[in-house]
Amino acid sequence: MRLGTRLALGLGVLSLAVFAVVGTALTAYMRDYLEQQLGDQLKLIQTVQAKDAAAHGTVRRKPYYGWYTAVYDVTGDAVSLRRPADVPADTRPLADLARAMAHSDTELMRTARIDGEGTYRLRGCEVEPGVVLVSAAPVEDVEETVERLVTVQVVVFALALTALVVFGRRMLRRGLKPLSDMAHTAHGITSHDLTEAAARLPLRADGRDGGREVAELRTAFNTMLEHIDDSLAVRAEAELRLRRFVADASHELRTPLMSVRGYADLFQYAAANEPAERERHLARLRAEAARMGVLLDDLLLLARLDAAEVEAPLRTADTDLTELVQQAADAFRAGRPTHPLTVTTRVAGPLVLRLDPQRIRQVLDNLLANAAVHTPPGTPVTVELDATAGAVLVRVADAGPGIPADHRDRVFDRFYRVDKARTRDRGGSGLGLAVARSLVRAHGGDIGLTSRPGATVFTMRLPCRGRGLTDR
């Protein structure tokens, strides 16, 4: 059974219970009111009839049609009816009330059934000692009035209950329509193919009806869909990057493997077995093997840095970052004499941080090598060391042609190179910046990039968890 139907039926049952309570209370109140009115009429009439009985011995004035009046002489438990009297054939209820009235100090009133007549309201009063006046009024009118009231209540309450259930169900259905729309949207999502690489969920729950609670549910539902969309987009991007990574890694490993295989095949020929020729080929084999070794080391390092359940492969120690930058600068000047290098330190004294000196030195070497490889000879390179509140900044800048805007977001991707030519003298394997960012993030920092023609700046940010910093 649908929720709207169950709510409508529940509302109907609750309304039925309310109507029953209200009808019972109203009927009981009306019955008491009418009986009280009837008693007041009996009292008023008996006031006149008592005077008539005292003056004439019996009541000569006729009461209302259907009413009865009797005057009894009471002696002990014996009662005798004075004649003439307007009484029914069955006078036992009247005689019993007269007998009880003779032994009571207050006026009595009771309801009794008279055979052949019906139910009557009896009232007794003492005219004088030993003489009791009893009046009887039929309660048929009261019963008929109550029955009519009950009939009217049943009809009206039934119509009201029917209208309440019908119109309430329509209103509930209209109020629950946003939920039905969301259910329809959910069914549409279940039929959507989420296995596609670029799967998206264009469906959304729209509308403004349903009240605040439904609006909150709709917002939460749409937020969930947005989250699913984002997750699917991230998954699709991750799958695309994985395929690209596998393709690039296969290509990078295939080149030196083909070289090793080719030089190994040369040994099948006699010329390759000559000492000079053999040594030359062995030297090339060792160079290609070393190339594969460096590539595999970088891949293994990235895999270890990416594994969240494995501790980062760092060997931290208190290290003077200023001295580490100076060592990297000296090595760069020795290996890249065609690129003038300037080192600027904005921190007074040693800058001691808790870090892995070999890994940070590897990052600095990668950034400096990247600046030299992608700029023409003679391009100046600068290294700036600075300290801010809670962080140390190392900026490596060059005055080269810059990085095109459509490549800046991907320069830290693995095997990605702005120069698509796959030669090691123009950008290497494309793992240098990826390794650098992963190492810096393992230290709790990050690397950022800003580039324009004539100014490309890589900024390494490391958190300050050491000593030796001075205020600027």
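See above for the structure.
Quantities reported herein were computed from a predicted structural model and do not represent experimental measurements.

Trainee: Provide a residue-level description of a negative patch on the surface, including the pertinent values.
Mentor: A contiguous patch of negative charge on the surface is contributed by E140, D141, E144 and E147. Considering the arrangement of structural elements, one finds E140 in helix α3 (residues 140-175).

Trainee: Go over the sheet that holds strand β2 (residues 78-81) with me, naming the residues and quoting the values.
Mentor: Taken in spatial order, the five strands line up as β2-β1-β5-β4-β3 in an open sheet, and their pairing is antiparallel. Each having just a single partner strand, β2 and β3 (108-114) make up the two edges of the open sheet. Within this sheet the neighbouring strands show an average axis-to-axis angle of 35°, counted without direction. Each of β1 (68-75), β2, β3, β4 (118-128) and β5 (131-138) touches helix α2 (residues 92-102); the most contacted strand, β3, lies at about 160° to it.

Trainee: Tell me about unusual backbone geometry, and please be specific about residues and values.
Mentor: A cis amide bond links R83 to the next residue, P84, at an omega of -5°. Note on placement: P84 falls in the loop between β2 and α2.

Trainee: Please provide a residue-by-residue account of the nonpolar core, values included.
Mentor: Nonpolar side chains in soluble globular proteins tend to be buried together. Ranked by internal contacts, the top residues of the largest apolar core, which has 44 residues, are L321 and M460. Once residues lying within four places of it in the same chain are set aside, the contact partners of M460 are I360, V363, L364, V392, L393, V394, V440, D446 and I447.

Trainee: I'd like a description of the pairing of β3, backed by residues and values.
Mentor: Sheet topology note: the β3/β4 ladder contains seven bridges and is antiparallel. Counterpart to A112 in the pairing with β4 is Y120. Joining the antiparallel neighbours β3 and β4 is a turn of three residues, in which G116 adopts a positive phi near 80°.

Trainee: Any chance you could break down the packing of aromatic side chains for me, citing the residues and the numbers?
Mentor: Remark: the centre distance and the inter-plane angle together describe each pair of aromatic rings, the angle taken between the planes. One pass over the full model with this rule turns up four aromatic pairs. Pairing F19 with F157 gives two aromatic rings, centres 4.7 Å apart and planes at 15°, and the pair type is stacked. One end of the pair, F19, is in helix α1 (residues 3-56); the other, F157, is in helix α3, with 138 residues separating them in the sequence. On the accessibility criterion, F19 (19% relative accessible area) is buried. Under the relative-accessibility criterion, F157 is labelled partly exposed at 22%. A centroid spacing of 5.6 Å and a plane angle of 45° characterise the contact between Y68 and Y120, whose relative ring orientation is tilted. Remark: Y120 occurs in strand β4 and Y68 occurs in strand β1; sequence separation between them is 52 residues. Directly above the ring of F412 sits R437, whose terminal nitrogen or CZ lies 3.9 Å from the centroid.

Conventions and cut-offs
- Residues numbered from 1 in each chain as written.
- Predicted model: local features only at pLDDT ≥ 70, side-chain atom pairs only at ≥ 80, totals over all residues.
- Heavy atoms only, no water.
- Patch = residues over 30% accessible without salt bridge, like charges linked within 9 Å, V, L, I, M, F, W, Y side chains within 5 Å.
- Areas by Shrake-Rupley, 256 points an atom, 1.4 Å probe, with all protein chains shown as cover.
- Salt bridge = Lys/Arg side-chain N within 4 Å of Asp/Glu carboxyl O.
- Lys, Arg positive; Asp, Glu negative; His and termini not counted.
- Charge placed at Lys NZ, Arg CZ, Asp CG, Glu CD.
- Helix = DSSP H or I, 4+ residues; strand = E, 2+ residues; numbered from the N terminus.
- Pairing = 2+ DSSP bridges.
- Axes fitted to C-alpha atoms, helices over the stretch in contact; angles between N-to-C directions.
- Contact = heavy atoms within 4.5 Å.
- Core = buried A, V, L, I, M, F, W, Y, C linked by side-chain atoms within 4.5 Å.
- Buried < 20%, exposed > 50% of the residue type's maximum accessible area, 1.4 Å probe, protein only.
- Phe/Tyr/Trp six-rings, centres within 6.5 Å; stacked < 30°, edge-to-face > 60°.
- Lys NZ or Arg CZ within 6 Å of the ring centre and 35° of its normal.

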